[in-house]
Amino acid sequence: MSVRCGIGYDLHRLEAGRKLIIGGIEVPFEKGPVGHSDGDVLAHALCDALLGAAGLGDIGKHFPDTDPKWKGANSLMFLEHAKKLLDEKKMEIEYVDAVVILERPKLGPHFPKMREALAKSLGVTTETIHLKAKTNEGVDAVGRGEAIACHVVATLNGRAA
Ligand SMILES: [Zn+2]
């Protein structure tokens, strides 16, 4: 048995008139991420953390943004696919900790639904997924509300491959 940690990071620009999808949940707001898929920073960073811990590369390798198949895709699909890859390697998700960085709106009230959606996609309990939110104190693009970013650390248990 071995324990492995993976880190994931993602950032998307925010533009007016786009849906703000975070952790598979639509958060009411006047801006949303620009991206090939739904631009879900939390799902993307989480996917990278899982793939990294499993030694399976990154999200771009598995879901290239040049592939029309993923245009506007619900990013929870990426997580479901990552979970299958982990199962094949007999690796289990022990814990996920994430921080979403966004100036506005407040995310705390949406966390229970996000945790539920992420846990369901990954076949884990909601207690396995921990979410935090930060603002960027008005500094740089994230602080000016021009972008959203996310960091995730995932811990896996499994046999060393
Ligand atoms: Zn992304």
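Residues numbered from 1 in each chain as written. Predicted model: local features only at pLDDT ≥ 70, side-chain atom pairs only at ≥ 80, totals over all residues. Heavy atoms only, no water.

Draft legend 1. Expanded view of the coordination of the zinc ion. The protein atoms donating to the zinc ion are Asp 10 (OD), His 12 (NE2) and His 44 (ND1), with metal-donor distances spanning 2.0 Å. Motif for the zinc ion, donor spacing along one chain: D-x1-H-x31-H. A relative accessible area of 12% means that His 12 is categorised as buried. (Donors = N, O, S within 2.8 Å, 3.2 Å for Na, K, Ca; no water. Buried < 20%, exposed > 50% of the residue type's maximum accessible area, 1.4 Å probe, protein only.)

Draft legend 2. Structural view of the pattern of salt bridges. Taken as a whole, this structure holds six salt bridges when the rule is applied. Taking the shortest distance from any N to any O, the salt bridge between Lys 19 and Glu 26 comes out at 4.0 Å. With a relative accessible area of 45%, Glu 26 lands in the partly exposed category. (Salt bridge = Lys/Arg side-chain N within 4 Å of Asp/Glu carboxyl O.)

Draft legend 3. Examining the pairing of strand 5 (residues 91-101) more closely. In terms of strand pairing, strand 5 meets strand 7 (residues 147-158) through 10 bridges, oriented antiparallel. Bridging from a neighbouring strand, Asp 97 pairs with Val 153 of strand 7. Handedness of the crossover joining strand 5 and strand 6 (residues 129-134) through helix 4 (residues 111-122) is recorded here as right-handed. (Pairing = 2+ DSSP bridges. Helix = DSSP H or I, 4+ residues; strand = E, 2+ residues; numbered from the N terminus. Right-handed = clockwise from strand over helix to strand, strands pointing away.)

Draft legend 4. Quick peek at the packing of aromatic side chains. Under the definition given, this model contains three aromatic pairs. Seen in terms of ring centroids, Phe 63 and Trp 70 are 4.9 Å apart; in terms of plane orientation they differ by 90°. Their pairing is edge-to-face. On the basis of relative accessibility, which here comes to 11%, the residue Trp 70 falls in the buried class. Taken together through their ring pairs, the aromatic side chains of Phe 63, Trp 70 and Phe 78 make up a single cluster. (Phe/Tyr/Trp six-rings, centres within 6.5 Å; stacked < 30°, edge-to-face > 60°.)

Draft legend 5. View of helix 4. Taking 1.5 Å per residue as the helical rise, helix 4 with its 12 residues ought to reach 16 Å, and the 16 Å between its terminal C-alpha atoms agrees with that figure. Against the buried residues of helix 4 lie strand 2 (20-22), strand 3 (25-27), helix 1 (41-53), helix 3 (76-88), strand 5 and strand 6. Count one or two residues on from helix 4 and you reach Gly 123, which has phi positive near 65°. (Expected span 1.5 Å × (residues − 1). Contact = heavy atoms within 4.5 Å.)

Draft legend 6. Region of interest: the environment of Pro 64. Its location among the elements puts Pro 64 in the loop between helix 2 (59-62) and helix 3. For the pair Pro 64 and His 36, spaced 28 residues apart in sequence, the C-alpha to C-alpha distance is 9.5 Å.

Draft legend 7. Inspection of unusual backbone geometry at higher detail. The omega torsion of the bond from Arg 104 to Pro 105 falls at -10°, within 30 degrees of zero and hence cis. Among the secondary structure elements, Pro 105 is positioned in the loop between strand 5 and helix 4. For Asp 140, which is not glycine, the phi dihedral falls at a positive 55°. Summarising the element assignment, Asp 140 is placed in helix 5 (residues 140-143). Classification of Asp 140 as partly exposed rests on a relative accessible area of 41%.

All we've got here are geometric facts, nothing functional implied.
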